[in-house]
Amino acid sequence: LAVLAVAALILIFGFRLKTVNVTGNSRYTDEEILDILQFDGSYQNTLLFYFEKRNMDVENIPFIDAIYMDIGGMDTINVEVVEKIVIGCIEDNGSYIYIDTDGIVCEISDTRQDDIPLIEGLDYDNPQLNQMLTVTDENVYNTLLTLALQTQKYSLSIDKVVFADDGSVSMEMGDITVMLGASGNMEDKISEVNNLLPEIESRGLKGILHLENYDSTTDSIIFTKES
């Protein structure tokens, strides 16, 4: 009985949760993640907290794909936040519709996230939260995903992606418009944007970079300068 009593005391008072370490979050602050987990610094048992929160449902939390945690010590929980890759947003009557890599509407908000490109030229129907956005041409999702991954790879910032009626794609990056043409060969085109952009920006140029017909064998690239 004495051993059981000591074990119970250790379990109750020894595993007193004091620290929750949060990693992987960029769209949410540590404090916001702690609010989601309902950790306020008051007395909570480390083990009970872990078993209660480890499989929490994040389906209705915008921009979060999953939350993983492990016990870092008797008084510590480590939390890893896996955020969704958001490929773009659409402005619709003053609201912004955010789309993830699967074409799912992960958030509808009146707040514009500056690091997510605005998408124009899509033909879509009645967006619903947590439902796939119905578009006329579902190939646009592949194009948007490729652009998101490639620009993330090179740390490029896109303000806007525009789909034209003829199927061509362009993107705006500050004072530079990049004409990408059809959706093929996007990896090489974005790689070339990464190569050319530093020189264009260092010279303070504004204008249009033509990569519609670009591939790795292209020797000349047209840049139309604007005053």
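Placed above this text is the structure.
What counts, and at which threshold
- Residues numbered from 1 in each chain as written.
- Predicted model: local features only at pLDDT ≥ 70, side-chain atom pairs only at ≥ 80, totals over all residues.
- Heavy atoms only, no water.
- Salt bridge = Lys/Arg side-chain N within 4 Å of Asp/Glu carboxyl O.
- Buried < 20%, exposed > 50% of the residue type's maximum accessible area, 1.4 Å probe, protein only.
- Helix = DSSP H or I, 4+ residues; strand = E, 2+ residues; numbered from the N terminus.
- Arc of directions from axis to C-beta.
- Contact = heavy atoms within 4.5 Å.
- Axes fitted to C-alpha atoms, helices over the stretch in contact; angles between N-to-C directions.
- Left-handed = near helix turned anticlockwise from the far one by under 90°.
- Nonpolar A, V, L, I, M, F, W, Y, C, P; charged D, E, K, R; others polar.

Applying the stated criterion to the full structure yields 4 salt bridges. Two residues, Glu 52 and Lys 53, come together in a salt bridge whose shortest N-O distance is 3.7 Å. Using a relative accessible area of 57% as the deciding quantity, one classes Glu 52 as exposed. Owing to a relative accessible area of 8%, Lys 53 belongs among the buried residues under this scheme.

Peptide bonds are, in most cases, trans, and in most cases residues other than glycine have a negative phi. One non-glycine residue with positive phi stands out, namely Gln 38, at about 60°. Positionally, Gln 38 belongs in the loop between helix H2 (30-37) and helix H3 (46-53). Of the residues examined, Gln 38 reaches a relative accessible area of 56% and is grouped as exposed. The residue Ser 155 is not glycine, and still its phi comes out positive at about 55°. Among the structural elements, Ser 155 can be located in the loop between helix H4 (139-153) and strand S10 (160-163).

Residues Ile 33, Leu 34 and Leu 37 constitute the buried set of H2. The buried residues of H2 occupy an angular sector of 100° when the element is viewed end-on, so they sit on one face. In H2, the exposed positions that point more than 90 degrees away from the buried face belong to Glu 31 and Asp 35. Structurally, H2 contributes buried residues whose contacts are with strand S1 (19-23), H3, strand S2 (64-73) and strand S3 (76-83).

For the rest of this paragraph, the subject is the packing of H4 against helix H5 (residues 186-202). Packed helices, taken two at a time, are described by the angle between their axes plus the distance between the axes. Their axes nearest at 10 Å, the elements H4 and H5 cross at an angle of 35°. Note that H4 runs across H5; the crossing there is right-handed. Side by side, H4 and H5 meet where Thr 143, Thr 146, Leu 147, Gln 150 and Thr 151 of the first sit next to Met 186, Glu 187 and Ile 190 of the second. Looking at the contact of H4 with H5 residue by residue, the classes come out as 3 nonpolar, 4 polar and 1 charged.

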